[in-house]
Amino acid sequence: MNQEDYASEEAYEADPGSGEDAEATRRDAGEAESSRASRSWWDRNADEYQSDHGAFLGDDRFVWGPEGLDEAQAALLGPAASLRGKDILEIGAGAAQCARWLAAQGARPVALDLSHRQLQHALRIGDDVPLVEADAGRLPFRDASFDLACSSYGAVPFVADPVTVMREVHRVLRPGGRWVFSVTHPIRWAFPDEPGPEGLSVAASYFDRTPYVEQDERGRAVYVEHHRTIGDRVRDVVAGGFRLLDLVEPEWPDWNSQEWGGWSPLRGHLIPGTAIFVCERD
């Protein structure tokens, strides 16, 4: 980050805006702007997010996405019994629900998030998991500190340069370590983000990588999400030094009747909503 970025960040922290009446657009957004927007957005919206989704997420449940795929059944990090004694980093942990489930399996998790307010919710639930406030692109850990790393919709969709995150995760993992992360399924970017029938017709090019940005009246980003195609995500994984072991696209289960933003039973039974990348460090 250069001096101009620092000056911009200081001005933004002094007056981050409320995020209300934000204008939605598609435009370029770099690393510094994306990071600032993510931190301020999650700090502003953590209370509402936890209120709306806390019951579904639970206090100590590991869910990979709105479909409700549970790590207890999916075992994408490995069988639950194999997690005992493992050092595990959760990136974009929010209120650390996933990390708390890992601790219950006998693992030694660390929950990392960019948002101070999200981590306050983690403390509200309990102080049984170590918490770290930091950027996923600059992990404050020594090389080879962890056996496993995971992220359920955390960090990866919101960063301008996902390869930087991949390389940082690679650095802090021990050889043979597994890295599993979930993101919005890339095909969803071609459809309107609506849970009803209007969300079933293609409205944009799947190949348009222009970020989705919500900006205030001064043109400053208050929310940024970056689109990558499936192929892009695979190349990012490989560029980060990982082997892709599996790509999981959870089907919508019959028991799940809830809507979560653009995710719904209607859409979930027809098109994938989540992509989970299971990777291994060479």
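Please refer to the structure placed before this passage.
Computed from a predicted model, the values in this text were never measured in an experiment. (Residues numbered from 1 in each chain as written. Predicted model: local features only at pLDDT ≥ 70, side-chain atom pairs only at ≥ 80, totals over all residues. Heavy atoms only, no water.)

## A closer look at the nonpolar core
Counted only if it meets this: What we call a nonpolar core is a set of buried Ala, Val, Leu, Ile, Met, Phe, Trp, Tyr and Cys residues that are connected through their side-chain atoms within 4.5 Å. Relative accessibility thresholds used throughout: buried, under 20% of the residue-type maximum; exposed, over 50%; partly exposed, between the two (1.4 Å probe, protein chains only). Helical segments are the DSSP runs of H or I of at least four residues, strand segments are the runs of E of at least two, and each set is numbered from the N terminus. Contacts are residue-level and defined by heavy atoms, with any inter-residue pair within 4.5 Å sufficient.
Judged by nonpolar contacts, the single largest core of 26 residues is most densely connected at L89, I91, L139, F141, V169, W179 and F181. When contributions to this core are tallied by element, the ones reaching two or more residues are β2 (87-91), β3 (108-113), β5 (146-152), α6 (162-172), β6 (173-184) and β10 (274-281). When residues no more than four places from it in sequence are discounted, the contact partners of L89 are V110, L112, L139, F141, F146, L148, A149, C150 and V172. Membership of the second largest hydrophobic core comes to 16 residues, among which are W64, L77, I88 and V248.

## A closer look at the packing of aromatic side chains
Let me state the cut-off plainly: For this analysis, a ring pair means two rings from Phe, Tyr or Trp (six-membered ring only for Trp) whose centres lie within 6.5 Å, classed as stacked if their planes differ by under 30 degrees, edge-to-face if by over 60, and tilted for the remaining angles. A positively charged side chain is recorded as over a ring if its NZ (Lys) or CZ (Arg) lies within 6 Å of the ring centre. The angle to the ring normal must also be within 35 degrees.
Counting across every chain of the model gives 15 aromatic pairs. Judged by centre distance (6.2 Å) and plane angle (80°), the ring pair of W42 and F158 falls under edge-to-face. Of this pair, W42 sits in helix α2 (residues 31-57) while F158 sits in the loop between β5 and α6, and the two are 116 residues apart along the sequence. For F158, a relative accessible area of 12% translates into the label buried. Consider the rings of F181 and F277, whose centres lie 5.0 Å apart with planes at 10°: the pair is stacked. A residue pair is termed long-range when its members are at least 10 positions apart, and F181 in strand β6 and F277 in strand β10 qualify at 96 residues. The pair formed by F181 and F277 is uniform in burial state, with each residue classed as buried. In textbook terms, an aromatic cluster arises when at least three aromatic residues are bridged by ring pairs, as seen for W41, W42, Y49, F56, F158, Y212, Y223 and W260. Over the face of the ring belonging to F56 we find R61, whose NZ or CZ atom lies 5.2 Å from the ring centre.

## Some words on the environment of I271
Summarising the element assignment, I271 is placed in the loop between α8 (265-268) and β10. Between the C-alpha atom of I271 and that of R167, which follows or precedes it by 104 residues, the distance is 31 Å.

## Focus on the sheet that holds strand β8 (residues 221-225)
The test is simple: One bridge is not enough; two strands pair if DSSP finds at least two bridges between them. For helices, the axis comes from a line fit to the C-alpha atoms of the stretch in contact; other axes are also lines fit to C-alpha atoms, and the angle between any two N-to-C directions lies between 0 and 180 degrees.
Reading across the sheet, the 3 strands line up as β1-β7-β8 and stay open at both edges, with antiparallel pairing between neighbours. Each edge of the open sheet carries a strand with a single partner, namely β1 (23-26) and β8. Taken over all neighbouring pairs, the strand axes of this sheet differ in orientation by 20° on average, direction set aside. Note: strand β7 (residues 212-215) against β8, 4 bridges, orientation antiparallel. Bridge pairing links Q215 to A221 in β8.

## Describing unusual backbone geometry
A positive phi angle, near 65°, is found at A96, a position not held by glycine. Along the chain, A96 turns up in the loop between β2 and α4 (97-104). Residue A96 is classed as buried on the basis of its relative accessible area, which comes to 0%. If you check the backbone angles, Y153 has positive phi at about 60° while not being a glycine. Locating Y153 in the fold gives a position in the loop between β5 and α6. The exposure class of Y153 is buried, given its relative accessible area of 19%.

By themselves, these figures tell us nothing about what the structure is for.
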